[in-house]
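As a plain string of letters, each chain reads:
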Amino acid sequence: MKEISAIVMLTIAVLCASAMAESMSVNQTGISGNISERNPFQDAVQGYDQALQLDHGNASAWLGKAQVSQIQGNQIESREYFQKALDATNGTLKDDSQDAKAWQAMGVALAGLARNEEAIGALERSIEISEQRLVENPEDIDSWWLKAVSYEALYMDYAAIKAYEKVIELNSTKSVGAWIRIADILFVKANGYNESVEAFNEAIKLMPDNASWAGGVVLDQGNSILRTDVWRDDDMILRVTIGSYNKYTKKFDFIQQIASRPASTWLFRDNSISFLKTSAEFAALAANRMQEKTEGWYKKSQELFQNASYEESVEALNRAIELDPMNEEAWTYKASVLDTRLNKSAEALLAYDKAIELDGENAVDNESLSNAWIGKGTVLAKLGRLNESIDAFDKSIELNPQAAVFGWLSKGEALNKSKRYDEAVKAYDKAIEQCPLDAMKPMGAETWYKKGIALQALGHTSEADAAFAKAKELGYQA
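J.: Help me out: how do you make sense of the pattern of salt bridges in this one?
T.: Proximity of charged atoms lets side chains of opposite charge pair with each other. Enumeration according to the criterion identifies 28 salt bridges in this entry. The shortest N-O distance in the salt bridge between Glu423 and Arg420 comes to 2.9 Å. Residue Glu423 is classed as partly exposed on the basis of its relative accessible area of 37%. For Lys451, the salt bridge is made with Asp429, and the minimal N-O distance between the two is 2.6 Å. You can see Lys451 sitting in helix α21 (residues 441-457) and its partner Asp429 sitting in helix α20 (residues 421-433), a full 22 residues away along the chain. Among the charged side chains, a salt-bridge network with shared partners connects Glu117, Glu124, Arg289 and Glu292.

Spelled out as structure tokens, the structure:
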């Protein structure tokens, strides 16, 4: 028996809630206005049927009917329609193997039939073809949309959001649908509901004048209010939420979606597959595939770096980050390449900040976070922001005091540049204390030499000469 994921149960619950929400009175919701009880799928199904009368091989129409049947719980009918969609896509691809939309439709049909490995392969092929077209024409809106939808179907949510944002940036007629998809993706992310509300409001702004949002207070709780919000398109409810809204931060501390209408005509029109109900097996396979692709791009970036192809290495890292923007290691590596090989200090600083933000939230140990702070301090020093760089090195040392040689050495150099020579000497002494091993002799030699420079600046000639002699003894060559 097909294993049904939590998404299935949530979708069914949402639709049941939608029916209740449309019959709510003004007093129950705090929202004024009359809302009809028409079947939310009726117009869409009629549209699909009309399309099939004109073209019985219209895969998108068959998929639409399959998804509606799936949501309504008619699994036998749904499978029949998914099979018809698959047959239609096979016919299309026989004539044109580079049809990205057909590959996407095939992937959806295969997923609906629980042929998961094949489904993932077809969706990935759709993305590949879309990317090829975008190389030729970066403003090809349809390719951006197809790419976004395929990414979303593969649970690559952050990559999907980036592609949807590109659709919006290009002022597409699909912008409304793109904002709705972004809103729904963000809503289920940890602490993403405020951004989700903002995205849904952007969608409403782009709809005709008969679209609207309204909110009502259910209970004033002092620092916060319990409120409901309703978004409508004409006489159809798109979303109903209830949440605790903080008066001071002007953000929701918590929000719960009471009702959502995934069958919005805006999404049907754009062939969204956002409410395709896949099995837990498909979701797991998709997650594993995303991890494999992310790791593949990361490995490729290292190979490119070793071949001195630094720009290409950064581009490979960007692809890894596009799939998994929470990958702190990729952000740190990107920052390092930008700084040490491409001399792009401003971009490197942004990347280090992102790595620090992520590692601060998810760190298992402090070593990687400490290294990111060293990297940030080094970039700040290059930019002439010496006081900030010293603060960054202090943070690095604080996080990993037992292995802080490079942190102390870097701090000493920044203090030297700031002409704070007494403090620089003390920092170099701390670094020397942690350089007892033979493997650390080169760093120890450099530290002694730089200590000598600081002592020389202080007028301590004999001590400076002794430091230079020690550096030479350890193999330092000026």
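J.: I keep staring at the confidence of the model for the protein and nothing clicks. Help me out?
T.: Parts of the prediction with low pLDDT should not have their coordinates interpreted in detail. The predicted model of the protein has a mean per-residue pLDDT of 84, with 85% of residues at 70 or higher. Between residues 1-37, whose pLDDT stays under 50, and residues either more than four places distant or in other chains, the model counts 55 contacts.

J.: What should I look at first to understand unusual backbone geometry in this one?
T.: Among all residues except glycine, the phi angle is most often negative; among peptide bonds, the trans geometry is most common. Positive phi is not limited to glycine here, since Ala114 has a value of about 65°. With respect to the helices, strands and loops of the structure, Ala114 is situated in the loop between α6 (100-112) and α7 (116-136). Judged by relative accessible area, which is 34%, Ala114 ranks as partly exposed.

J.: I tried to follow helix α3 (residues 42-54) on my own but got confused; where do I start?
T.: Two residues of an α-helix separated by three or four positions point the same way, owing to the 3.6 residues in each turn. The terminal C-alpha atoms of α3, which comprises 13 residues, lie 19 Å apart, in line with the 18 Å expected from a rise of 1.5 Å per residue. Residues of α3 that are buried include every one of Ala44, Tyr48 and Leu52, and no others. Burial along α3 is one-sided: seen end-on, the buried residues are contained in an arc of 75°. In α3, the exposed positions that point more than 90 degrees away from the buried face belong to Gln50, Gln53 and Leu54.

J.: Looking at this structure, I do not really get helix α17 (residues 367-382). What am I missing?
T.: An ideal rise of 1.5 Å per residue puts 22 Å on 16 residues; α17 measures up with 23 Å between its terminal C-alpha atoms. Of all the positions in α17, only Leu369, Ser370, Ala372, Trp373, Ile374, Gly375, Lys376, Gly377, Val379, Leu380 and Ala381 are classed as buried. Where α17 terminates, the next one or two residues include Gly384, which has phi positive at roughly 80°.

J.: Teacher, can you tell me more about the environment of Thr378 here?
T.: In this fold, Thr378 is placed in helix α17. Spatially, the C-alpha atom of Thr378 lies 6.6 Å from that of Ser389, the residues being 11 residues apart in sequence.

J.: Can you help me understand the nonpolar core in this one?
T.: Considering soluble globular proteins, one finds that nonpolar side chains tend to be buried as a cluster. Membership of the largest hydrophobic core comes to 67 residues, with the highest contact counts inside it found for Tyr164, Met207 and Phe282. Counting residues per element, this core draws most heavily on helix α10 (residues 175-187), which supplies eight residues. Beyond its immediate stretch of four places on either side in the chain, Phe282 contacts Ala111, Asn116, Ala119, Ile120, Leu123, Ala153, Leu154 and Tyr155. One finds Trp331, Tyr352, Ile356 and Val379 within the second-largest nonpolar core, a separate group that totals 25 residues.

Thresholds applied
- Residues numbered from 1 in each chain as written.
- Predicted model: local features only at pLDDT ≥ 70, side-chain atom pairs only at ≥ 80, totals over all residues.
- Heavy atoms only, no water.
- Salt bridge = Lys/Arg side-chain N within 4 Å of Asp/Glu carboxyl O.
- Buried < 20%, exposed > 50% of the residue type's maximum accessible area, 1.4 Å probe, protein only.
- Helix = DSSP H or I, 4+ residues; strand = E, 2+ residues; numbered from the N terminus.
- pLDDT = per-residue confidence, 0-100.
- Contact = heavy atoms within 4.5 Å.
- Expected span 1.5 Å × (residues − 1).
- Arc of directions from axis to C-beta.
- Core = buried A, V, L, I, M, F, W, Y, C linked by side-chain atoms within 4.5 Å.

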